[in-house]
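Take a look at the letters that make up each chain.
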Amino acid sequence: MKQQTWNDLNSSDNEVSREAFINLLKQNKLKGDDLKKLFSLENKLIICNFLVDYHFFDKNDLTFITKYICENLDHPDKPFVSELIEFASSWNLELPYEKCLGFLGKHDNNDGDSVLLATINYVFENFKISFIDQIKISLDKILNNSEQVPDVQIMAAFVLFRITMNKGYLKNLFDLVIKEPQNREIFKNILSKKWNRKEYFDYNLILQAVLDPAMRVGL
């Protein structure tokens, strides 16, 4: 990576850093040293964009990135941490599970909701039955916390329903989504995931009815 490219990527001028980033992506597969250098950037937004837009990660890259994520889970930039956890979910990377569970017990008003949402998704996608008590207790607290944002409560209620099949959580979902139409988008995204489609989740059509008033007759 040329020094000027490095300087531009780290620029506080968003237009400059963005242009440098676009040009970097045009190179397709980066050399291992260049990839590692990119992850040392102070500009965390560029790192987040790279995790989303770059599609040439190999086994060695992912080994390095897994270590990088684990070392940055306590980073003060919460949206950055949430992007790291989401990447781990997308690429099936193994994170310290007990540390992730610890995030479920925290509520940080300084952008911490994004970390909480990403963590609930990661814990569910990498569900470990031996931690079921702790997971359920933590998610119940989130669901019953009136100060919690609806996105996080919806995700908590959904995961609790999938784990327990307790219809009380189904009612929680209906209350959160039907009464507040603006909450439908996150619910729609949850149901669109492959493992929540009707082939793998018998309640998919019932929950789709929450999104479509025409389907709601008889519920």
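Please refer to the structure placed before this passage.
Residues numbered from 1 in each chain as written. Predicted model: local features only at pLDDT ≥ 70, side-chain atom pairs only at ≥ 80, totals over all residues. Heavy atoms only, no water.

## Side note on the overall build of the chain
Point 1. What the chain contains, in helices and strands, is 13 helices and 0 strands.
Point 2. Mapped from its N terminus to its C terminus, the chain presents α and β elements in the order α-α-α-α-α-α-α-α-α-α-α-α-α.
Point 3. The C-alpha extent of the chain, read off along each of the three principal axes, is 65 × 40 × 35 Å.
Point 4. Looking at the 219 residues of the chain, the share that counts as buried comes to 44%. (Helix = DSSP H or I, 4+ residues; strand = E, 2+ residues; numbered from the N terminus. Buried < 20%, exposed > 50% of the residue type's maximum accessible area, 1.4 Å probe, protein only.)

## Concerning the pattern of salt bridges
Point 1. The final tally for this structure, using the stated rule, is 7 salt bridges.
Point 2. When the shortest N-O distance is used, the salt bridge between Asp-74 and Lys-99 registers 3.0 Å. Taken together, the residues Asp-74 in the loop between α5 (59–71) and α6 (78–90) and Lys-99 in helix α7 (residues 97–104) connect sequence positions 25 residues apart.
Point 3. Among the residues examined, Asp-74 registers a relative accessible area of 53% and is labelled exposed.
Point 4. With a shortest N-O distance of 3.8 Å, Lys-193 and Glu-125 are connected by a salt bridge. Taken together, the residues span a long stretch of sequence, with Lys-193 in the loop between α12 (184–192) and α13 (204–211) and Glu-125 in helix α8 (residues 112–125) at a distance of 68 residues.
Point 5. Sharing partners across several salt bridges, the network here consists of Lys-29, Asp-58 and Asp-61. (Salt bridge = Lys/Arg side-chain N within 4 Å of Asp/Glu carboxyl O.)

## Some thoughts on the state of the cysteines
Point 1. In this structure the tally under the stated criterion is 0 disulfides.
Point 2. Cysteine Cys-70 remains unbridged, with the sulfur of Cys-100 as its closest cysteine sulfur at 8.1 Å.
Point 3. Owing to a relative accessible area of 31%, Cys-70 belongs among the partly exposed residues under this scheme. (Disulfide = S-S within 2.5 Å.)

## Thoughts on the environment of Asp-58
Point 1. Mapped onto the elements of the fold, Asp-58 is located in the loop between α4 (44–53) and α5.
Point 2. For Asp-58, a relative accessible area of 32% corresponds to the partly exposed category.
Point 3. Taking the C-alpha atoms as reference points, Asp-58 and Gly-32, 26 residues apart in sequence, are found 9.7 Å from one another.
Point 4. One polar contact links the side chain of Asp-58 to the main-chain amide nitrogen of Asp-61, over a distance of 2.8 Å. (Polar contact = N/O pair within 3.5 Å; in protein donor to acceptor, adjacent residues only side chain to side chain.)

## Overview of the nonpolar core
Point 1. Counting 71 residues, the largest nonpolar core has Ile-120 and Phe-187 as the members making the most contacts within it.
Point 2. Of all the elements, helix α10 (residues 150–164) adds the most residues to this core, at 9 residues. (Core = buried A, V, L, I, M, F, W, Y, C linked by side-chain atoms within 4.5 Å.)

## Focus: unusual backbone geometry
Point 1. Positive phi, normally seen in glycine, also occurs at Asn-28, with a value near 60 degrees.
Point 2. Along the chain, the position of Asn-28 falls in the loop between α2 (14–25) and α3 (32–38).
Point 3. The class for Asn-28 is partly exposed, based on a relative accessible area of 40%.
Point 4. Phi at Met-165 is positive, roughly 55 degrees, even though this residue is not glycine.

Don't take any of this as a statement about function, it's just geometry.
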